[in-house]
Amino acid sequence: KQNEDLDWSIFKNLVSPQISELIQEESRWAFCMPHAIAFAEFTKQTAILKSLHKEIYYSEIEKFEKKHGYTWDDIGIKMKGVSLLQD
């Protein structure tokens, strides 16, 4: 984290304020878009498995939970009350 902050400080000194503001604003979407697409695909895959192969789906969840000690959630695994997307 410390090096990232240093890199950003150096970059901001090298470019105009308009450029650094534009990059700062647009970089949020550059990060979010691939995650939104991956999440949508994962949700579709989960829905298909649950509807076409319900018994196998829940059996595999039970195996996963026993093996890893985590609780499965439809968007991933739940650790300490927080769901984490598994890709």
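The preceding data block contains the structure.
The paragraphs below set out a description of the structure included in this document. Fair warning: this is a prediction, and the values are worked out from it, not measured in the lab.

## Observations concerning the overall build of the chain
Part 1 of the reasoning: Helix and strand counts for the chain stand at three helices and three strands.
Part 2 of the reasoning: Along the chain, helices (α) and strands (β) appear in the sequence α-α-α-β-β-β when read from the amino end.
Part 3 of the reasoning: For the chain, with 87 residues in total, the buried portion stands at 8%.
Part 4 of the reasoning: Counting only contacts in the chain whose residues sit at least 6 apart along the sequence, the fraction spanning at least 24 positions is 23%.
Part 5 of the reasoning: Looking at the chain as shown, the accessible area adds up to about 7400 Å², and 60% of this sits on carbon and sulfur atoms.

## As for the side chain of Ser 20
Part 1 of the reasoning: Secondary-structure assignment places Ser 20 in helix α2 (residues 17-52).
Part 2 of the reasoning: A polar contact is formed between the side chain of Ser 20 and the backbone oxygen of Pro 17, at a distance of 3.1 Å.
Part 3 of the reasoning: In this structure Ser 20 touches Trp 8, Phe 11, Lys 12 and Val 15, once residues within four positions along its chain are discounted.

## Considerations on the packing of aromatic side chains
Part 1 of the reasoning: Overall, the coordinates contain two aromatic pairs when judged by the stated rule.
Part 2 of the reasoning: Between Tyr 57 and Tyr 58 the ring centres are 5.2 Å apart and the planes differ by 85°, which places this aromatic pair in the edge-to-face class.
Part 3 of the reasoning: By relative accessible area, Tyr 58 is classed as partly exposed at 40%.

Reading the values: the criteria
Residues numbered from 1 in each chain as written. Predicted model: local features only at pLDDT ≥ 70, side-chain atom pairs only at ≥ 80, totals over all residues. Heavy atoms only, no water. Helix = DSSP H or I, 4+ residues; strand = E, 2+ residues; numbered from the N terminus. Buried < 20%, exposed > 50% of the residue type's maximum accessible area, 1.4 Å probe, protein only. Contact = heavy atoms within 4.5 Å. Areas by Shrake-Rupley, 256 points an atom, 1.4 Å probe, with all protein chains shown as cover. Polar contact = N/O pair within 3.5 Å; in protein donor to acceptor, adjacent residues only side chain to side chain. Phe/Tyr/Trp six-rings, centres within 6.5 Å; stacked < 30°, edge-to-face > 60°.

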